[in-house]
Amino acid sequence: MSDRIILKGLSMRIKDHFKDKYSLTVDPVIQKGTIEGVEFYTSLPLQLSRELKRSPLEIAKELEAIEAEGIICLEAVKPGFLNITLSENVYLQHFNDFSSICRSKNGKKVNIEFISANPTGPLNVVSGRAAAFGRALSYLFEYAGWEVTKEYYINDAGNQINIFTNSIYKAYLEKFEKQTVSFEENEYNNAYVRELAEHFSKEIRSASDPKTFLKDAAIGHTVALNKKILERIDLSFDVWFSESSLYENAQLSDRVLSTLKKKSLSYEKDGALFIKNTALGDSQDWVLKKSNGEYTYLFGDIMYHINKFERGFDKAINIWGPDHHGGVRRLQLALTAFDIPEDFLEIIILQQVNLIKDGEKLVMSKRSGNYIQLNDIVDSVGADAAKYFFLSKGANQHVDFSLDRFEKEGEKSPVFYVQYMFARINSILEKAGRPDKDGISKVLDAEKKLLYSIFLFENAMKEALLKREPAMVITYLNALATEFHRFYHESKIIGSDEEAEYLKFVSALGTMVKDILNMIGFNAPEKM
RNA sequence: GCGCCCAUAGCUCAGCUGGAUAGAGCAACGGACUUCUAAUCCGUAGGUCGCAGGUUCGAAUCCUGCUGGGCGUACCA
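The structure reproduced in this document is the subject of the present report. It should be emphasised that the depicted structure is a prediction, and the values quoted were computed from it without experimental measurement.

## Re the overall build of chain A
Counting secondary structure elements, chain A contains 21 helices and 15 strands. Taking the principal axes of its C-alpha atoms as reference, chain A extends roughly 85 × 60 × 45 Å. For chain A, the residues scored as buried account for 51% of the 528 residues in total. Element-wise, carbon and sulfur atoms account for 47% of the exposed surface of chain A, whose accessible area totals about 25700 Å². When the 67 basic and 75 acidic side-chain charges of chain A are each reduced to a single mean position, those positions are 2 Å apart.

## Some remarks on the sheet that holds strand β9 (residues 272–275)
Strands sit in the order β8-β9-β10 across an open sheet of three strands; the sheet is antiparallel. Because the sheet does not close on itself, it has two edges, and the strands there are β8 (266–269) and β10 (286–289). Recorded for the sheet is a direction-independent mean angle of 45 degrees between the axes of neighbouring strands. In the sheet, β9 pairs with β10 via three bridges, with the strands oriented antiparallel. Bridge pairing in β10 places Ile-275 opposite Trp-286.

## Details of the protein's contact with RNA strand B
Surrounding RNA strand B, one finds 67 residues, the nearest of these being Val-29, Arg-50, Gln-352, Tyr-420 and Ser-427. Per the 4 Å cut-off to the protein, sugar and phosphate atoms form 60% of the nearby atoms of RNA strand B. The separation between a base nitrogen of RNA strand B and a polar side-chain atom of Arg-330 is 3.4 Å. Within the side chain of Tyr-417, a nitrogen or oxygen atom sits 2.5 Å from a phosphate oxygen of RNA strand B. Taken together, the elements giving at least two residues each to the surface near RNA strand B come down to α2 (44–52), β4 (81–86), α6 (159–176), α13 (326–336), α17 (414–432), α19 (457–467) and α20 (471–490). No other element matches the eight residues that α17 contributes to the surface near RNA strand B. Taken together, the residues that form the surface near RNA strand B break down as 23 nonpolar, 25 polar and 19 charged.

## Some words on the pattern of salt bridges
Across all of its chains, the model carries 22 salt bridges by this definition. Glu-62 is the salt-bridge partner of Lys-21, the closest N and O atoms lying 3.3 Å from each other. You can see Lys-21 sitting in helix α1 (residues 8–22) and its partner Glu-62 sitting in helix α3 (residues 56–63), a full 41 residues away along the chain. In this structure, Lys-315 engages Glu-346 in a salt bridge whose closest nitrogen and oxygen atoms are separated by 3.1 Å. Of this pair, Lys-315 sits in strand β11 (residues 315–320) while Glu-346 sits in strand β12 (residues 345–349); the two residues are 31 residues apart in sequence, bridging distant segments of the chain. Glu-346 matches Lys-315 in its accessibility class, with the two residues each being buried. Each member of the salt-bridge network shares a partner with another, and the members are Lys-21, Arg-54, Glu-58 and Glu-62.

## Focus on the packing of aromatic side chains
Scanning the model with the defined rule gives 36 aromatic pairs in all. When the centroid spacing of 4.7 Å and the interplanar angle of 45 degrees are considered together, the rings of Phe-114 and Phe-237 count as tilted. With Phe-114 in the loop between β5 (109–113) and α5 (125–143) and Phe-237 in the loop between α9 (210–232) and β7 (239–242), this residue pair connects regions lying 123 residues apart in the sequence. We note that Phe-114, like Phe-237, is buried. An aromatic cluster is present here, built from Phe-95, Phe-484, Phe-487, Tyr-488, Tyr-502 and Phe-505 joined pairwise through their rings. In this arrangement the basic side chain of Lys-170 is found over the ring face of Phe-183, its NZ or CZ atom lying 5.9 Å from the centre.

What counts, and at which threshold
- Residues numbered from 1 in each chain as written.
- Chains lettered and ligands numbered in written order.
- Predicted model: local features only at pLDDT ≥ 70, side-chain atom pairs only at ≥ 80, totals over all residues.
- Heavy atoms only, no water.
- Helix = DSSP H or I, 4+ residues; strand = E, 2+ residues; numbered from the N terminus.
- Buried < 20%, exposed > 50% of the residue type's maximum accessible area, 1.4 Å probe, protein only.
- Areas by Shrake-Rupley, 256 points an atom, 1.4 Å probe, with all protein chains shown as cover.
- Lys, Arg positive; Asp, Glu negative; His and termini not counted.
- Charge placed at Lys NZ, Arg CZ, Asp CG, Glu CD.
- Pairing = 2+ DSSP bridges.
- Axes fitted to C-alpha atoms, helices over the stretch in contact; angles between N-to-C directions.
- Near = heavy atom within 4 Å.
- Polar contact = N/O pair within 3.5 Å; in protein donor to acceptor, adjacent residues only side chain to side chain.
- Nonpolar A, V, L, I, M, F, W, Y, C, P; charged D, E, K, R; others polar.
- Salt bridge = Lys/Arg side-chain N within 4 Å of Asp/Glu carboxyl O.
- Phe/Tyr/Trp six-rings, centres within 6.5 Å; stacked < 30°, edge-to-face > 60°.
- Lys NZ or Arg CZ within 6 Å of the ring centre and 35° of its normal.

Structure (structure tokens):
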């Protein structure tokens, strides 16, 4: 039975009903209501009507007699829905137990790798999207009981890094040795490279081998810088994994090569070594070792994921940009050669962020320095608004990003709408005093809709996890805040006949809201 | 050529194992602060869900084709 079923008890009874009466096995789906006044419903009668050769409404009527714990009313309505109303006590109980619900560990470990941008400059706005997404996804897994390792793969091996260090050296020669240099098209000619040249000018001058020195120094510097930038949005990785460390001992690479050879899954052609992915179901074979002796990125990736697998994770999730989607199947299939199950590695493609300036699409490029830094957007609207912006868009959504517009909209970011809920609660409690004990003993009319919204929280989290869409939680939060602000407006708490009862409700709600906000990665300011 | 993603209100987006009247925010217009924070609330206006077929009792949602946009298809990373 799936996690998505909201009301398990009732769902079992419905199942039994069809089993007993029609010898039919069904999997009832109970959904949250979509129209006013309907808490939950199932459309099962409509779906079964043809098979049972009975009118859907009749089938629904039969179900009305079912009794299940916490269900106060089942009502068949045309054309054949069964509407479900829960007893207030269910909501009350759930509300009072909220803090203790669903925090138990499931004993499974997941590795979530994201951003993993080349250490050739400060993180940009695209990485900001990945950061917000990966972070939120981590929370969703943690909420469901997984032990999560957040990991950043540092691409510190390969040709890009050589080009990068070479560029810094050129910038150094230009500024400090007054040499005339020209940058190739594939080289980095930007402010950051010049900054590094200046920062390390002394060491470069005295180094016996400046480029080797720069390789370590520049990467170290950039990684440290990016860690700091990520701290600004409250993101810290558990593991920073160095690509070059994979090459430091030959054991793993030898094992990869010999395994492939043993299984006849590699061959040499034109001086290069290929992995025979076609034999694994791929449309073509790929180079692992180039004819000049260098390994390809794919080779490192294979080693890296064998390493992940052997670190004992039950699942590995990579969040990649759309320009790498062609590599998904390639890597997953290659890993099957090492007896890693195909579903071990899951790759989520987070769609692109286009940079728009003056209505025109700009090509973002680290080499030219033509890009917007994550730092800039945090400066302009703050960490919470920035995170909220990215999280409110589905993973598949192509995002156009214009800094002007972002700043303008950031001032009235919807994140404040959600945070304001907490600030208002706090304000009430400060004025009226905090109750000794949270938790409610009865349900007041004005509270009903809010209790219902809170009841749906776990479902929203589970759905979001299942679909790998943190955006669904943002949608939920918005709905919750709407419900709260309406409640706040309609019910004057201080001075009302039910003040004591209201305060206990609001106080507990405040704890919940803070919990939820923090869990998804936002601050809960007491004052705004 | 083949493969992946996208197209919903003027704008940014929700709408999720097919369901009841397609929803928010921003922008526009009209109301609500002697009150627990108006960063709020209430109301008005705004839609052939890209187009055309199909499946179904029922399609924004699933299938096929088409149009338009983005990306991939490396001995780049």
